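# Structural overview
Listed here are the chains, written in short residue letters.
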Amino acid sequence: MTLLQRSDWYDVARDTNWTPSFVSEADLFPPEMSDPFDMPKAAWAEYDEPYKVSYAEYVKVQREKDAGVYAVNTAAARTRFMEEAGQRWHSILKLHFGAVSLAESSSQISEGRMARFGMAPGMRNMATFGLLDEIRHGQTQLYFAHESLKHSPQFNFAHKLLGTQEWGAIMTRATLDDVFLGRDAVTTAIMLTFAFETGFTNMQFIGLAGDAAEAGDTSFSNLISSIQTDESRHAQIGAPLLKLMVKNGYKDEAQKAVDIGFWRTYRFFALLTGTVIDYFMPLEKRTSSFKEFMEEWIVGQFERTLLDMGLDLPWYWDFFLEDIESFHHGMHIGWWLYRDTVWFNVPAGVSPAERDWLESKYPGWNDSWGRLWSQIGENIRAGRTDLTVPKTLPVVCSFNNLPMVTDPSKPWAGKDQMLTYKGKKYYFQSHVEKWVFEQDPERYAAHQTLIDQFLAGRIQPPTYEGALNYMGLSPVERGKDAENFAWAFAGREPRTMAAE
Amino acid sequence: MSDLPLLVSCERDFLVHLVAIPAEARVGDLIEAAASLVVGVHVPDRPLSTVHIRKIDGDAALPIDATVTDAGIEAMDWVHLFFDAAPEGEPVQ
Ligand SMILES: [Fe+2]
Ligand SMILES: [Fe+2]
């Protein structure tokens, strides 16, 4: 007997919608979990997933992918590479594993939501595979991080971070809860798979795999490429949904979800990727600046995808294009100054040659961000490293939980950054965060940022050291200057080096 | 009396610090406490007499001898340090 081609049976076999008789349709698919817009069945029937995979095919391919990832990871070669790789690459890995492993793992919940509550069978199929993908992503990355523990206890944060009150953990949880875990199946598909995965992570993983190959880290490069092939499949859950929403008169609802999801995840992305591309990567290994990467891979691609689908660019698009030139510089200097509060050693990335590179990629950098680094460098050379250690916490955005920053040669937006809601003052990184907050204030108003927790008296003693302990950072886990301040002396007369 | 938590930014700097100050402290004390986090730290050192403070959404310098309460500063207000105009021109922020 000959086996049928997949195309001969797939459409019939996947069509698992039926009319429930034991419960009502609304109990089976409650709108707050499934489709809050109550789109007609005929509209949902148009959902056509671009990837058609059977379970047997999926398992076969995934098995091969896993074999590839673990086979290349011959323990001895990996250990040798890690011993020779510089501090900067170690920092990139620690940052990546801490920020990404359990975050990916938690998106099982998002995929599970779409797999159970999606109204289209094709969506449920794709999300079922997506759920299995995210189990794999969590497990493989934790495995690699665990294998790296022998090189530094800071790798422990791959597993530990999201259970702490470290400020990046508070930020990550708030972001995940809002856009990935705490939404109905429709909004999850738009915010997670379209805005974040199609918009950002797909390209980011391609870039990161390339950087890893460039740095000689073959096994990490393979790992990331392998994950990316899964992401590029399940990232396509959202597109057919958006198409049917636009066609059936739900464009405004779709657009709003895109605008919110894209902005919130952009901040997360800029923090992780902008700093790595422009400051962490060793100068000789850099291929492009963050701005160039964004313009070439993210902006152009996302603009085309949106317009092709009949959607508009988000209303804040011009501001976004300016923001990619400044926000991540602020995050980076913030990381370096508050390096005690992170689980990796932070390279300053501002040696004279790197400053020239930054100035060429961001004309005016020396007169804005560079001025701050000049002062910091002077203090270090004068033996005043104590001045590089913060005395107080930075104020974080009430919405995105990241320190509020501005280009130091540009004014703050003042009124556009603040709001009083039910007697409490809220402050925002920009008018876009404020706009998102205003769309659903009850959703966000009770969130406790690190600053709120500090003011509520939960950090004891109420000092900077007290805050470090509250964040779960033991002294061996806290970040240091990745190069022991050598950058501040580069190109100058040899002097006694400051020690940290 | 408990301390007033405030948001403080500073001309030519890039972030907002959380600063707690007793409500009965003078504006001059607030300037001193806030400047110690930035002046000579992120921006070049300069005499305190050239550092002033205003509300982030106001233009007028607050009187240095008034108490912070009399100057109209409340808990979780955002205030901004600024400098005497440099010879080369206007303050940048
Ligand atoms: Fe993933
Ligand atoms: Fe994913």
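For the structure itself, look to the data block above.
It should be emphasised that the depicted structure is a prediction, and the values quoted were computed from it without experimental measurement.

### Details of the overall build of chain A
- Along chain A, the regular secondary structure elements total 23 helices and two strands.
- The C-alpha radius of gyration computed for chain A amounts to 24 Å, which stays within 12% of the reference 23 Å derived for 500 residues, consistent with globular compactness.
- Dimensions of chain A, computed from C-alpha atoms along their principal axes, come out at roughly 80 × 60 × 45 Å.
- Within the span of chain A, comprising 500 residues, buried residues form 60% of the whole.
- Within chain A, residue pairs in contact and separated by at least 24 positions form 77% of the contacts whose partners lie at least 6 positions apart.
- Accessible surface, chain A: about 20100 Å² in total, of which carbon and sulfur atoms supply 56%.
- Here chain A holds 49 positive side-chain charges and 66 negative ones, and the gap between their average locations is 4 Å.

### Re the overall build of chain B
- Within chain B, the regular secondary structure consists of one helix and four strands.
- Each helix and strand of chain B, placed in order from N terminus to C terminus, yields the pattern β-β-α-β-β.
- In terms of C-alpha radius of gyration, chain B reaches 12 Å, essentially the compact-globule figure of 12 Å for 93 residues.
- The C-alpha extent of chain B, read off along each of the three principal axes, is 40 × 25 × 20 Å.
- Residues classed as buried in chain B amount to 54% of the 93 residues present.
- In chain B, once contacts between residues fewer than 6 apart in sequence are set aside, the share between residues at least 24 apart is 63%.
- By element, 54% of the accessible surface of chain B is carried by carbon and sulfur atoms, the whole surface being about 4000 Å².
- Chain B carries 5 positive and 16 negative side-chain charges, and their two centres are separated by 4 Å.

### Considering the coordination of the iron ion (ligand 2)
Residues and elements named next belong to chain A.
- Note on the iron ion (ligand 2): its protein donors are Glu 134 (OE), Glu 197 (OE), Glu 231 (OE), Glu 231 (OE) and His 234 (NE2). The metal-donor distances range over 2.0 to 2.6 Å.
- Separating the iron ion (ligand 2) from the iron ion (ligand 1) is a gap of 3.2 Å, which Glu 134 spans by donating to each of them. On the criterion of sequence distance, the pair formed by Glu 134 in helix H7 (residues 121-147) and His 234 in helix H11 (residues 218-234) is long-range, its members being 100 residues apart. Comparing Glu 134 with His 234, the two get one shared label, buried.

### A short note on the interface of chain B and chain A
- Listed as interface residues are 26 residues of chain B and, on the opposing side, 35 residues of chain A.
- Taken over both partners, the interface formed by chain B and chain A buries close to 2500 Å², and the fraction arising from carbon and sulfur atoms is 66%.
- If you sort the residues of chain B by the area they bury against chain A, Phe14(B), Leu18(B) and Trp78(B) come out on top, with a joint share of 29%.
- Joining chain B to chain A, the criterion identifies two salt bridges.
- Among the salt bridges present, the one from Lys415(A) reaches Asp57(B), with a minimum N-O distance of 2.7 Å.
- Summed over the shared surface of chain B and chain A, the number is eleven residue pairs in polar contact (both at pLDDT 80 or more).
- With three residues, the single largest contributor to the side of chain B that touches chain A is strand S1 (residues 3-10) of chain B.

### What about the pairing of S1(B)?
Residue and element names in this part refer to chain B.
- When you tally the buried positions in S1, you get seven out of eight residues, the bulk of the element.
- Sheet analysis places S1 next to strand S2 (residues 17-22), joined by six bridges and oriented antiparallel. Residue pairing in the sheet places Leu 4 in a bridge with Ile 21 of S2.
- Here S1 folds back onto S2 in antiparallel fashion, the turn holding six residues, of which Arg 12 has a positive phi close to 70 degrees.
- Note: S1 against strand S4 (residues 78-83), four bridges, orientation parallel. By the bridge assignment, Ser 9 is partnered in S4 with His 80.

### What about helix H16 (residues 327-337) of chain A?
- In terms of burial, H16(A) is a largely internal element, eleven of the eleven residues being buried.
- Phe327(A), His328(A), His329(A), Gly330(A), Met331(A), His332(A), Ile333(A), Gly334(A), Trp335(A), Trp336(A) and Leu337(A) are the residues of H16(A) that are buried.

### Side note on the coordination of the iron ion (ligand 1)
Residue and element names in this part refer to chain A.
- Taken together, Glu 104 (OE), Glu 134 (OE), His 137 (ND1) and Glu 231 (OE) make up the protein donors of the iron ion (ligand 1), found 1.8 to 2.2 Å from the metal.
- Here the iron ion (ligand 1) is ringed by four donor atoms whose angles at the metal span 88 to 132 degrees, and the overall shape comes out tetrahedral.
- In terms of primary sequence, the donors binding the iron ion (ligand 1) are separated according to E-x29-E-x2-H-x93-E.

### As for the side chain of Glu104(A)
All names here are of chain A.
- Relative to the elements of secondary structure, Glu 104 occurs in helix H6 (residues 87-117).
- Buried and unpaired, Glu 104 has Arg 136 as its nearest opposite-charge partner, separated by 9.1 Å.
- Setting aside chain neighbours within four positions, we find Glu 104 in contact with Glu 134, His 137, Gln 141, Phe 205, Ile 227 and Glu 231.

### Describing the nonpolar core
- Counting 159 residues, the largest nonpolar core has Leu241(A), Met294(A), Phe320(A), Trp335(A), Trp336(A) and Trp487(A) as the members making the most contacts within it.
- When residues of this core are assigned to their parent elements, the largest contribution, 16 residues, is made by helix H13 (residues 251-280) of chain A.
- Apart from the residues lying within four places of it in its own chain, the contact partners of Phe320(A) are Phe262(A), Trp263(A), Tyr266(A), Met294(A) and Val299(A).
- The next biggest cluster of nonpolar side chains, apart from the first, holds 27 residues, and it includes Val19(B), Ile21(B), Ala71(B) and Val79(B).

### Thoughts on unusual backbone geometry
- Cis rather than trans, the peptide bond between Gln460(A) and Pro461(A) has omega equal to -10 degrees.
- In this structure, Pro461(A) sits in the loop between helix H21 (450-455) and helix H22 (464-470).
- In the Ramachandran plot, Lys422(A) falls in the positive-phi region, its phi being about 50 degrees despite a non-glycine side chain.
- Locating Lys422(A) in the fold gives a position in the loop between strand S1 (418-421) and strand S2 (424-427).
- For Lys422(A), a relative accessible area of 68% gives the class exposed.
- Although it is not a glycine, Met76(B) sits at a positive phi angle of roughly 65 degrees.
- With respect to the helices, strands and loops of the structure, Met76(B) is situated in the loop between strand S3 (51-55) and S4.

### What to know about the sheet that holds S4(B)
All names here are of chain B.
- Spatially, four strands are ordered S2-S1-S4-S3 in an open sheet, and the strand pairing comes out mixed. If you trace the sheet from one side to the other, it starts and ends with S2 and S3, each paired once. Averaged over all adjacent pairs, the angle separating strand axes in this sheet is 40 degrees, with direction ignored.
- Strands S1, S2, S3 and S4 of the sheet are contacted by helix H1 (residues 27-35), whose axis makes an angle of about 105 degrees with S3.

### A word on the packing of aromatic side chains
- With the rule as written, the count across this model stands at 43 aromatic pairs over all chains.
- With a centroid separation of 4.7 Å and 25 degrees between ring planes, the pair formed by Phe200(A) and Phe269(A) is classed as stacked. Here Phe269(A) lies in helix H13 and Phe200(A) lies in helix H10 (residues 185-214), a separation of 69 residues in the sequence.
- The exposure class assigned to Phe269(A) is buried, which follows from its relative accessible area of 2%.
- Here Arg116(A) stacks its cationic end above the ring of Phe117(A), 4.3 Å away from the centre of that ring.
- If you follow Arg46(B) out to its NZ or CZ, it ends over the ring of Phe83(B), 4.1 Å from the centre.

### Here we look at the environment of Trp412(A)
- The topology assignment puts Trp412(A) in the loop between helix H18 (369-381) and S1.
- Along the backbone, Trp412(A) and Gln429(A) are 17 residues apart, and their C-alpha atoms lie at a distance of 9.5 Å.
- Here Trp412(A) is in contact with Met404(A), Val405(A), Thr406(A), Gln417(A), Ser9(B), Phe14(B), Leu15(B), Val16(B), Ile56(B), Trp78(B), His80(B) and Gln93(B), once residues within four sequence places are set aside.

Scoring rules and cut-offs
- Once a new chain begins, its residue numbering starts again from 1 and follows that chain's sequence as written.
- All chains are assigned letters beginning at A, and all ligands numbers beginning at 1, according to the order in which they are written.
- Residue-level local features of this predicted model are given only where pLDDT is at least 70; pairs of side-chain atoms are given and counted only at 80 or more, and the full residue set underlies all totals for whole chains, interfaces and linings.
- With hydrogens and water set aside, each side-chain value is computed from the structure's full complement of heavy atoms.
- Elements are defined by DSSP. Helices are runs of H or I of four residues or more, strands are runs of E of two residues or more, and each kind is numbered from the N terminus.
- Computation of the radius of gyration draws on C-alpha atoms, with the globule rule given as 2.2 Å multiplied by the number of residues to the power 0.38.
- Note on classification: 1.4 Å probe, protein chains only; a residue is buried when its accessible area is under 20% of the maximum for its type, exposed when over 50%, partly exposed between these limits.
- Whether two residues are in contact is decided by their heavy atoms, any of which lying within 4.5 Å being enough.
- What sets the accessible areas is the Shrake-Rupley method with a 1.4 Å probe; for residues, cover comes only from the shown protein chains.
- When charges are counted, neither His nor the chain ends are considered; positive counts come from Lys and Arg and negative counts from Asp and Glu.
- For this purpose, a charge sits on NZ of Lys, CZ of Arg, CG of Asp or CD of Glu.
- Because water is not among the atoms used, a metal site may look incomplete, as its donors are only the N, O and S atoms within 2.8 Å, or 3.2 Å for Na, K and Ca.
- A quick way to say it: buried area is the sum, across both parts, of accessible area lost when two parts are put together, with a 1.4 Å probe.
- Criterion for a salt bridge: a side-chain nitrogen of Lys or Arg within 4 Å of a carboxyl oxygen of Asp or Glu.
- Pairs of N or O atoms within 3.5 Å make up the polar contacts considered here, provided that, within protein, one atom can donate a hydrogen while the other can accept it, and that residues adjacent in sequence are counted only when both atoms are side-chain atoms.
- The pairing criterion is simple: DSSP has to find at least two bridges between the two strands.
- A four-donor site is classed as tetrahedral when every donor-metal-donor angle falls between 85 and 135 degrees; four donors are called square planar, and six octahedral, when trans pairs exceed 155 degrees and all remaining angles lie between 65 and 115, with any other arrangement labelled irregular.
- In this text, buried Ala, Val, Leu, Ile, Met, Phe, Trp, Tyr and Cys residues form a nonpolar core when linked through side-chain atoms within 4.5 Å.
- Axis definition: a line fitted to C-alpha atoms, limited for helices to the stretch in contact. Angles are taken between N-to-C directions and run from 0 to 180 degrees.
- Side-chain rings of Phe, Tyr and Trp (the six-membered ring for Trp) are treated as a pair once their centres are within 6.5 Å; stacked means planes under 30 degrees apart, edge-to-face means over 60, and tilted covers the remaining angles.
- Counting as a charge over the ring demands two things of the Lys NZ or Arg CZ atom: a distance within 6 Å of the ring centre and an angle within 35 degrees of the ring normal.

Functional significance is not addressed by these values, which are geometric in nature.
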